[in-house]
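Secondary and tertiary structure notes
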Amino acid sequence: MGEDVDAQEFSRADRTRHREKVRRCLDVFARMLRESAFDTDDPMTGLEVELNLIDDAGDPSLRNAEVLEAVADPDFQTELGQWNIEINIPPGHLHDGGLRGFEENLRKSLNDAESKSAPLGSHIVMIGILPTLMEGHLTPDTLSGNPRYQLLSEQILAARGEDISIDIAGAERVRTAADSIVPEAACTSVQLHVQTSPDQFAAYWNASQAIASVQVAVGANSPYLLGRQLWRETRIPLFEQATDTRSEELKAQGVRPRVWFGERWITSVFDLFEENVRYFPALLPITDDQDPLAVLEEGGVPTLSELRLHNGTIYRWNRPIYDIADGVPHLRVENRLLGAGPTVVDTMANAAFYFGLVRALAEAERPLWSQMSFSAAEENFHVAAQQGIDAGVYWPGVGQVAATELVLRRLLPLAHQGLADWGVDAAERDRLLGVIEQRCLLGTNGAEWFVRRVQAHTTSGTDRLDALRSTLLEYTARMHTNEPVHTWD
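Below, the structure is looked at part by part. Values in this document were obtained by computation on a predicted structure and should not be read as measured data. (Residues numbered from 1 in each chain as written. Predicted model: local features only at pLDDT ≥ 70, side-chain atom pairs only at ≥ 80, totals over all residues. Heavy atoms only, no water.)

A few points about the pairing of strand E7 (residues 190–196)
Remember that side chains alternate between the two faces of the sheet whenever the strand is regular. In terms of burial, E7 is largely enclosed, as 7 of its 7 residues are buried. Burial along E7 is two-sided: Val190, Leu192, Val194 and Thr196 facing one way and Gln191, His193 and Gln195 facing the other are all buried. The pairing of strand E1 (residues 45–54) with E7 spans 5 bridges and is antiparallel. By the bridge assignment for E7, Val49 is matched with Val190. The pairing of E7 with strand E13 (residues 328–338) spans 6 bridges and is classified as antiparallel. (Buried < 20%, exposed > 50% of the residue type's maximum accessible area, 1.4 Å probe, protein only. Helix = DSSP H or I, 4+ residues; strand = E, 2+ residues; numbered from the N terminus. Pairing = 2+ DSSP bridges.)

Re helix H11 (residues 344–362)
Because each turn of an α-helix spans 3.6 residues, side chains separated by three or four positions in sequence point in the same direction. Its 19 residues give H11 an end-to-end C-alpha distance of 27 Å, which sits within 8% of 27 Å, the value for a rise of 1.5 Å per residue. Most of H11 is tucked away: 19 of the 19 residues are buried. (Expected span 1.5 Å × (residues − 1).)

A few points about the packing of H11 against helix H13 (residues 403–422)
Put simply, H11 and H13 touch, their axes get as near as 7 Å, and they point 85° apart. Taken together, the axes of H11 and H13 are roughly perpendicular relative to one another. Residues Ala352, Phe353, Phe355, Gly356, Leu357, Arg359, Ala360 and Leu361 of H11 form the contact with H13, whose own contacting residues are Val407, Leu411, Leu412, Leu414, Ala415, Gly418, Leu419, Asp421 and Trp422. Counted by class, the contact of H11 with H13 contains 13 nonpolar, 2 polar and 2 charged residues. (Axes fitted to C-alpha atoms, helices over the stretch in contact; angles between N-to-C directions. Parallel < 35°, antiparallel > 145°, perpendicular 65-115°, else oblique. Contact = heavy atoms within 4.5 Å. Nonpolar A, V, L, I, M, F, W, Y, C, P; charged D, E, K, R; others polar.)

Details of the nonpolar core
If you look at the biggest cluster of nonpolar residues, it comprises 152 residues, and the most contacted ones within it are Phe353 and Phe355. With residues near it in sequence (within four places) discarded, Phe353 still touches Val214, Val218, Val407, Leu411, Leu412, Ala415, Leu433 and Ile436. (Core = buried A, V, L, I, M, F, W, Y, C linked by side-chain atoms within 4.5 Å.)

Regarding the packing of aromatic side chains
Between two aromatic rings, the relevant description is the distance of the centres plus the angle of the planes. Enumeration over the complete set of coordinates arrives at 19 aromatic pairs. Centroid distance Tyr279 to Phe280: 6.4 Å. Interplanar angle 80°. Geometry classified as edge-to-face. For Tyr279, a relative accessible area of 21% translates into the label partly exposed. Pairing Trp449 with Trp488 gives two aromatic rings, centres 4.8 Å apart and planes at 85°, and the pair type is edge-to-face. (Phe/Tyr/Trp six-rings, centres within 6.5 Å; stacked < 30°, edge-to-face > 60°.)

A word on helix H8 (residues 269–279)
For H8, a buried count of 8 out of 11 residues is recorded, marking the element as mostly surrounded by other parts of the structure. Those residues of H8 not exposed but buried are Val269, Phe270, Asp271, Leu272, Phe273, Glu275, Asn276 and Val277. The opening residue of H8 is Ser268, an N-cap whose side-chain oxygen sits 3.0 Å from the backbone nitrogen of Phe270. (Polar contact = N/O pair within 3.5 Å; in protein donor to acceptor, adjacent residues only side chain to side chain.)

Things to note about empty space enclosed by the protein
Enumeration over the complete set of coordinates arrives at 2 cavities of 30 Å³ or more. In this model, the largest cavity occupies a volume close to 120 Å³. For the largest cavity, the full set of lining residues is Arg107, Leu110, Asn111, Ile124, Met126, Val344, Met479, His480 and Asn482. Among the elements that take part in the lining of the largest cavity, helix H3 (residues 98–117) stands out by supplying 3 residues, more than any other. (1 Å grid on protein atoms, 1.4 Å probe; cavity = no way out; pocket = protein on both sides within 12 Å on 5 of 7 lines; lining within 4 Å. Points joined across faces, edges and corners; volume = space filled by probe spheres on them.)

Quick word on the packing of helix H5 (residues 198–219) against H13
H13 packs onto H5 with a crossing angle of 130° between their chain directions and a minimal axis gap of 11 Å. Compared by their axis directions, H5 and H13 come out oblique. Crossing geometry of H5 relative to H13 is assigned as left-handed. Touching Tyr204, Val214, Ala217 and Val218 of H5 are Ala403, Leu406, Val407, Leu411 and Trp422, all from H13. Residue composition of the contact of H5 with H13, grouped by class: 9 nonpolar, no polar and no charged. (Left-handed = near helix turned anticlockwise from the far one by under 90°.)

What about the pairing of strand E6 (residues 173–178)?
Side chains of E6 alternate between two faces, with Val174, Thr176 and Ala178 buried and Arg173, Arg175 and Ala177 left unburied. Pairing analysis gives 6 bridges linking strand E5 (residues 164–169) to E6, with the strands arranged antiparallel. When the sheet's bridge partners are listed, Ser165 is paired in E6 with Ala177. Taken together, E5 and the strand that follows it, E6, pair antiparallel across an intervening segment of 3 residues.

Description of unusual backbone geometry
For residues that are not glycine, phi is negative in most cases, and the peptide bond is trans in most cases. With omega at 0°, the peptide bond leading from Gly341 into Pro342 counts as cis. One can find Pro342 in the loop between E13 and H11. For Leu226, which is not glycine, the phi torsion reads 50° and is therefore positive. Mapped onto the secondary structure, Leu226 falls in the loop between strand E8 (224–225) and strand E9 (228–229).

These figures capture arrangement, not role.
The following block contains the structure:
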């Protein structure tokens, strides 16, 4: 959810001043893209994982402040809901054993955190949406204590002018309303970061958009919300609706949503930041005193804090990131469309598939996105979220094809090549991409396993909520084995 901010109110003058500063930052960013030396020599990758907390019965545990105090690790931090925490894994180079390093770091950190949270009656679980969340959990009182979350909620509700409406139809249907953004807290994700040069950014972002559907198809892990079976990756429609600042009238007028797939292939990272400024009013119009142009002309690196904060309140599934490390600016694509889990090895298999495939496609001689419409990529994305591993998608040169067949026949070889280009050794490529291969061959990912287990419980006469609790506790126990989900049956 980005950086911390203090509780405050905003005047009309604050908004005017902020808009002017954001536009000045955008002008400076354009100049930096032309003139500045970005960090591009040895691109790094990174990983953030949002986690859920449950109690001994499998229900949400609203104790993240106590858990974080007990864990006492700066890599862990608060998230939107009191049943959420997040871990940031230090970035690394894939050619230096980065994937294995990420995996070992994540497993160690989660094991340590679990050992400290368990005495509090709270247990860590990696899943896109907690299946045992019920409407009673989705109230303003369950927002985390960080003032940023309450401020964001107030600003989104004020922009919308009415309660947030959630209406998702899948195998079953959920229709509800909320007077805060707490339903967004139900959506926990993995954020995969890949650093790139300004010249290559458009290719990496376009490639990320093109493969979003297959990522979701093979990695879907959020089939239930409020006790109902909905989409295989229900996080997608829930997140789109839970942060929507538009009234029904503004939707009818074609105003863009803040959770956005986008509407076109891009030619520069500037395209995305320019769209942010052009289409979206500020939710958090906080302005600092730095003059970005003066800093740049004095040989420094401007923070562009207003532009970055504004970017952090526009929730693209592949988000552009401008950041500074060791005094040098860099750019990243933040791929944020997957839920975590079911296990650490499953999460790392998803990461390996993305890092390898996006590199192979971004550096291909003929761009994939020159062969398909942007609307086809967006339709693929939502079909995959609905149907998961059974989805059919459109692909250039193939037409309509089962996502699993596409992955097995075309995309896994490309992912292998991309990882080889990153410098990942063959054994590591085979191990992690083999998980993706087996999911496709067996038709089993997290969502499929969970639905089958719940159905088995309810067929034997178990109440739905009790079936969800039992399945979630079994899921959590299997998560700790780190055996990938396709082996659970």
